[in-house]
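# Architecture at a glance
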Amino acid sequence: MNALDLIKADHERLKKLFDDALANDDTDARASVVHAIRAELKAHERIKEDVFYPALRAAGPEAKEIMLEGYEEHHIIDVILGELVGVPEDAEVWQAKLKVLRENLDRHMQEEEEMFTRARKALSQETLEEIGVKMQRAKESAAP
Ligand SMILES: [Fe+2]
């Protein structure tokens, strides 16, 4: 499993969950989708921070900058997500908060994907495969 393919697949899954959440006004369904988003995001952030970002440090100053911004973006995403969990699913603000979360996440994912070309140049195919395997393992051990 190539690390970049794994990240891309995570991103697609997250987008799909957000689409489901935003399309739903049933409060129980909203709660369970947010629960799923939370689990997915936590696992995603963890494998990025534990495995992918440290490997990126070696990929040159620009990749390092994106990596450092990545940590900060994760932080913002966690803050909004933490607030969303505390908002009743039938509250007016629920949808607005979820949308802002999605906008932040979209931007974060887009920046990460723009960096893929650079990562491919700096890291060999073999290394990307090794990182991918490590990420997959970390993900499995983080699963509830
Ligand atoms: Fe990320």
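Report on the accompanying structure.

The rules we used
Residues numbered from 1 in each chain as written. Predicted model: local features only at pLDDT ≥ 70, side-chain atom pairs only at ≥ 80, totals over all residues. Heavy atoms only, no water. Helix = DSSP H or I, 4+ residues; strand = E, 2+ residues; numbered from the N terminus. Contact = heavy atoms within 4.5 Å. Salt bridge = Lys/Arg side-chain N within 4 Å of Asp/Glu carboxyl O. Buried < 20%, exposed > 50% of the residue type's maximum accessible area, 1.4 Å probe, protein only. Phe/Tyr/Trp six-rings, centres within 6.5 Å; stacked < 30°, edge-to-face > 60°. Donors = N, O, S within 2.8 Å, 3.2 Å for Na, K, Ca; no water. Patch = residues over 30% accessible without salt bridge, like charges linked within 9 Å, V, L, I, M, F, W, Y side chains within 5 Å. Areas by Shrake-Rupley, 256 points an atom, 1.4 Å probe, with all protein chains shown as cover. Lys, Arg positive; Asp, Glu negative; His and termini not counted. Charge placed at Lys NZ, Arg CZ, Asp CG, Glu CD. Polar contact = N/O pair within 3.5 Å; in protein donor to acceptor, adjacent residues only side chain to side chain.

This next bit is on the overall build of the protein chain. In terms of helices and strands, the protein chain carries six helices and zero strands. Scanning the protein chain from its N terminus toward the C terminus, one meets helices and strands in the order α-α-α-α-α-α. Oriented by its inertia axes, the alpha-carbon framework of the protein chain measures out at about 50 × 25 × 20 Å. If you take every contact in the protein chain between residues at least 6 apart in sequence, the share linking residues at least 24 apart comes to 78%.

Right, let's talk about the pattern of salt bridges for a bit. Note that side chains of opposite charge can pair when their charged atoms are close. Per the counting criterion, the structure on display carries 15 salt bridges. Between E113 and K8 there is a salt bridge whose closest N-O contact spans 3.0 Å. You can see E113 sitting in helix 4 (residues 92–114) and its partner K8 sitting in helix 1 (residues 3–23), a full 105 residues away along the chain. According to the relative accessible area criterion, K8 is partly exposed, its value standing at 33%.

Taken as a whole, this structure holds two aromatic pairs when the rule is applied. Measuring from centroid to centroid gives 6.4 Å for F52 and Y53, while their planes differ by 45°, and the two rings are tilted. Accessibility assignment for this pair places F52 and Y53 in one class, buried. Assessed through its relative accessible area of 1%, Y53 is described here as buried.

So, about the coordination of the iron ion. Summarising the metal site, the iron ion is bound by the protein donors K48 (NZ), H74 (NE2), H108 (NE2) and E112 (OE), whose distances to it range over 2.1 to 2.8 Å. Along the chain, the residues donating to the iron ion are arranged with the sequence spacing K-x25-H-x33-H-x3-E. Placement of the pair is K48 in helix 2 (residues 27–56) and H108 in helix 4, with a sequence separation of 60 residues. In this structure, K48 and H108 share a single accessibility class: buried.

Another point: a negative patch on the surface. On the surface, a cluster of negative charge is contributed by D5, E126, E129 and E130. With three residues, helix 6 (residues 125–142) is the largest single contributor of residues to the negative patch. For E130, the position within the fold is in helix 6. Taking relative accessible area as the criterion, E130 reaches 46% and is therefore assigned partly exposed.

Below, the discussion takes up the environment of E113. With 109 residues separating them in the primary sequence, E113 and L4 have C-alpha atoms 8.3 Å apart. The residues touching E113, leaving out its near neighbours within four places in the chain, are K8 and H11. Here H11 takes part through its side chain, which lies 2.7 Å from a polar atom of the side chain of E113.

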